[in-house]
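Architecture at a glance
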Amino acid sequence: MELIDKLEILADAAKYDASCASSGAPKRSSEGKDGIGATNGMGICHSYTPDGRCVSLLKILLTNFCIYDCQYCVNRRTSNVPRARFTVEEVVKLTVDFYLRNYIDGLFLSSGIIQSADYTMEQLVAIARELREVHQFRGYIHLKTIPDADPALIDAAGRYADRLSVNIELPTQDSVQRLAPEKNVHTIKLAMGNIRLKLDEKEAEPKAPKFAPAGQSTQMIVGADASDDQRILTTAETLYGSYKLKRVYYSAFSPIPQSPKSVPLAPPPMLREHRLYQADFLLRGYGFQVNELLPQSGNLALDIDPKLAWALANREHFPMDLNRAEPAMITRIPGIGLRNAKRIVELRRMRQVRYADLARLKCSMKKIAPFIVTADYRPPRDTTPSEALRRSMADVQQQMPLWPELQAA
Amino acid sequence: MSIDGEPGDADDTAAPVDAVALALAGHPIPVATFGDFRTAARDLIVRRVPPESVQWSGSETPHGDLLSAATSGLAPSLPPGLLAQPPAPPPRIPRSLMEMLQSAACYRAPDRWAFLYKIVWRWQQGQQEILSMADEDGARLQHMVKAVRHEEHDMHAYLRFRERPPEAGDPRFVAWFEPAHDVLPQVAQHFARRMGKTSWMIGTPEATVLWDGHTLHSTGPLMRSAADVEDSGEALWLTYYRSIFNPARLNADIMHGHIRTRFWKNLPEAAVVPHMVSQAAAGARKVGQLDTVGKRGGTTIPIAAEKAAPERQQPSSLDDCRRCDLWQNATQAVAGQGARHAKIMLLGEQPGDQEDLAGKPFVGPAGALLDKAMIDAGMDRRKVYITNAVKHFKWEPRGKRRLHKTPAQKEVMACHYWLETELETIAPDIVVALGSTALKSILQSGSVTMKDYMGQPFQHDGRWVVVTYHPSYALRVPSAEARHEAVAAIVAALKLAQRLADGEQP
């Protein structure tokens, strides 16, 4: 099979992985050195495809032969898909060629399980080693870790890769048992814990050999099982706390060819994935906790974003006086992000914050107006019931379904 | 950082220009680089020349743009008695503002130098609000800086090198890009870091840079359009681009929101986008697979389910414990560790953050303190058995950290089953209860308190029980004095346990 045919199959098979980030690596440069590649810590998206996702890395599978039978995965062993396998040299050549043409910032390599977890992991490590040691490649490398592989292999992977990831796959142990029978939440957690211990060791001993400097991440598939958003976010919160993950990626389940009966036929609304990312951002950056965003089991609202939903449910904090409020509370106002909160605090050290200032900071005035007090402004409708506010602020004015039973069927 | 340029600054090579004299004579001040501007602005500030009295001419409008032509006949309205005033101290510009000025200087606007001088002037007048977006000039400055950084970013991202055949010699890679602002010099640095010793050239409508593998050379424009280089490697890229797209998620608006329209004509992948979109949209794609992949012949992997499952160590029955809900958020159950028939059992509360990851009791900071206490008490860790009353870590999230949470009595009771099994197999003569949870577990009562038992060993179920503080209590107490006392109490309790193990009576 020609290289181009393999690329077609093995990129197609890798598109279900949501992660394509290339940030967080230490600064590296090839100026005046043999080899190629640089990282500046930021990462760049080199292109966008018509699904709205960015292309930052060469994201491929080493092979889509797989002895596992994960029901949500197009490459499961019972799936009737064309199969291909790259050689180590082919992956290395593609990475270097694409990098030189400025198509990508590095490599994101994953693989179907062939022969055994250890054998597969050895192959992934061999590619990273070849890139780093033979080609002096200083670009970004992200390796998907096979959870059952020998910890010594994961250790080796961390020496070459900037980021490691172990996919949790599904938010509950029962779902993993049912939909990914060969996988096991216990070993997935142990692998993540093992990576975190190595990261901690490296942090405590800066002179030790480097280990996955851009940390670890994971991915959860949304909508392949019945778990609601509260379950998903609670699992994410647990993973962040336990394994110091840099990111949890949420991938709305994408229907696959000849889908097995165990997974749904229709994808979840794409907006649900978006709301989960917004909520995740509030957990990581804004100090929210899951039980604040979703006090009861259920899903995040689709018509308004999670921060607005929180504000509408907690009107006792509002309207908030921007000239007096705690900085951390300002970040909780809908329509004010971390950066603008900082700018407001800086500005009020010089003078009183006025309503027109917020427009110049490019705050969404429609969104923040009911929630703020400034030197020259008080919301005229600060006793308006939350429900009425919500109707006027919802993103999509959705028509009520005429025959909900029919649409549900 | 001072705005004063050192004489002989690298970017200060133009013939010296007397900016004040030009301003007095009503002539525009010529500026080609940021260095020129810096020198001129310093002189003008020192002589207190206000911005409305100065005209500037930039590099792209060397002699008289519309504005300066209209005003060149007029004497500028310099304030009377300007030169009679003593010179002002040279301005001191913070590094962050200087960097903003430098970035904004790359923004293509006819009045860029006049605007930057106004900023410097206002800063010198003590108007710190120019740093804020809420100020009108401040907002424009930030807008310019942002536009320039955006342009740099886009050039880093959407510039495409084409490879020339090896026999054509250097440069090995050639690219064409049409930036909206003067960002080529910075961007060239970026590619010099990225490409190592590989030679390349970037052409733009205004200038060209060439990297020979060691040095950057820049000249005027050499190319007039996209590189006329055939590159067969591009086919691989287009294949990758088509294959990584998921037609089930078609959402072209986001793509267009990210890549500005003017870049599309030079992006090789842009040519295949319309076909990809129409195919995905027209077919109302229900699956994510690429059409051409779906049409290929497929293979299922003939392997029996039981052969596919990886060989794993059988989880211990403790790992499978579901007697309470703590297992859900813990990594693993942490069993006790130590000598099989130890005389002494040290009983803690529950595994902590480190223990949960490592799967061993007392390995974190509290473990280190306990180790030291054991050494001080002359106790050999290998000869005792160390375990916890509760086997799963109970915690609650605090940002990205796990905050230890004391187990509830019902969790202690649920886990007592495992402690009992350990007590039966190890059969220790003495149990040292470290902390209140351990004591409550041993006595199976939620109402007992430590202070009733501290320092006085008692018999329970046919063995001695010695009660003392948990090592993490000693780590937690704020005063050094209380800490010493707590550690001393732990050591004393361990010594007592040791004596009891040697057959002495308390």
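Residues numbered from 1 in each chain as written. Chains lettered and ligands numbered in written order. Predicted model: local features only at pLDDT ≥ 70, side-chain atom pairs only at ≥ 80, totals over all residues. Heavy atoms only, no water.

It is worth spelling out the domain arrangement of chain A at this point. By domain assignment, chain A separates into domain 1 (3-24 + 39-268) and domain 2 (306-393). Placing the centre of domain 1 of chain A and that of domain 2 of chain A at their C-alpha centroids yields a distance of 40 Å. (Domains from an automatic or database assignment.)

On inspection of all chains with the given rule, the structure shows 27 aromatic pairs over all chains. Ring geometry for A:Y250 against A:Y277: centres 5.4 Å apart, planes inclined by 85°, an arrangement best described as edge-to-face. One end of the pair, A:Y250, is in strand β8 (residues 247-252); the other, A:Y277, is in helix α8 (residues 270-285), with 27 residues separating them in the sequence. Accessibility expressed as a relative area gives 0% for A:Y250, which makes it buried. Ring centres of B:Y469 and B:Y473 lie 4.6 Å apart, and the angle between their planes is 25°; on these two criteria the pair is classed as stacked. You can call B:Y469 partly exposed: its relative accessible area is 25%. You can call B:Y473 partly exposed: its relative accessible area is 29%. Taken together, the aromatic side chains of A:F98, A:Y103, B:W237, B:Y240 and B:Y241 make up a single cluster linked through ring pairs. Between B:R194 and the ring centre of A:Y99, over which it is positioned, the NZ or CZ distance is 3.7 Å. One cation-aromatic arrangement involves B:R402 over B:W395; the distance from NZ or CZ to the ring centre is 5.4 Å. (Phe/Tyr/Trp six-rings, centres within 6.5 Å; stacked < 30°, edge-to-face > 60°. Helix = DSSP H or I, 4+ residues; strand = E, 2+ residues; numbered from the N terminus. Buried < 20%, exposed > 50% of the residue type's maximum accessible area, 1.4 Å probe, protein only. Lys NZ or Arg CZ within 6 Å of the ring centre and 35° of its normal.)

Residues and elements named next belong to chain A. Among the 6 residues in β8, 5 count as buried, and that is most of the element. Where strand β7 (residues 216-222) lies against β8, 6 bridges are found, and the strand directions are parallel. Bridging from a neighbouring strand, I221 pairs with S251 of β8. Crossover handedness for the path β7 to helix α7 (residues 229-243) to β8: right-handed. (Pairing = 2+ DSSP bridges. Right-handed = clockwise from strand over helix to strand, strands pointing away.)

What follows is about the side chain of B:E269. Positionally, B:E269 belongs in the loop between α10 (261-264) and α11 (273-282). A polar contact is formed between the side chain of B:E269 and the side chain of B:W237, at a distance of 2.9 Å. In contact with B:E269, other than residues within four places in its own chain, are A:H46, A:S47, B:R160, B:W237, B:L238 and B:Y241. (Polar contact = N/O pair within 3.5 Å; in protein donor to acceptor, adjacent residues only side chain to side chain. Contact = heavy atoms within 4.5 Å.)

We now examine the environment of B:Y417. Of note, B:Y417 is situated in helix α16 (residues 409-426). Through-space distance from the C-alpha of B:Y417 to that of B:I442 is 11 Å; in sequence the pair is 25 residues apart.

In the numbering used here, UniProt assigns the feature "domain: Uracil-DNA glycosylase-like" (unreviewed entry) to residues 335-495 of chain B. Counting secondary structure, residues 335-495 of chain B comes out at 41% helix and 20% strand; the distance between its end C-alpha atoms is 25 Å. (UniProt positions renumbered as here; feature names shortened; annotations may be inferred.)

On to the UniProt feature "domain: Radical SAM core" (unreviewed entry) in chain A, then. The feature "domain: Radical SAM core" (unreviewed entry), as given by UniProt, occupies residues 61-188 of chain A in the numbering adopted here. Secondary structure content for residues 61-188 of chain A is 41% helix and 11% strand, and the end C-alpha separation is 20 Å.

Right, let's get into the pairing of strand β12 (residues 401-404) of chain B. A regular strand places its side chains on the two faces of the sheet in alternate fashion. Residue and element names in this part refer to chain B. Pairing geometry for strand β11 (residues 395-398) and β12, over 4 bridges, is antiparallel. Bridge pairing in β12 links P397 to R402. Taking the residues that link successive antiparallel strands as the turn, the β11-β12 hairpin has 2 residues, and the phi of G399 there is positive, at about 60°.

Residue and element names in this part refer to chain B. Pairing within the open sheet is mixed, and its 6 strands lie in the order β8-β10-β9-β13-β15-β14. Looking at strand neighbours, the two that pair on one side only are β8 (337-338) and β14 (458-460), the edges of this open sheet. Contacting β9 (344-348), β10 (385-388), β13 (430-434) and β15 (463-468), α16 crosses the sheet at an angle of about 165° to β9. Strand contacts of helix α19 (residues 480-501): β9, β13 and β15, with the helix running at about 170° to β15, the strand carrying the most contacts. (Axes fitted to C-alpha atoms, helices over the stretch in contact; angles between N-to-C directions.)

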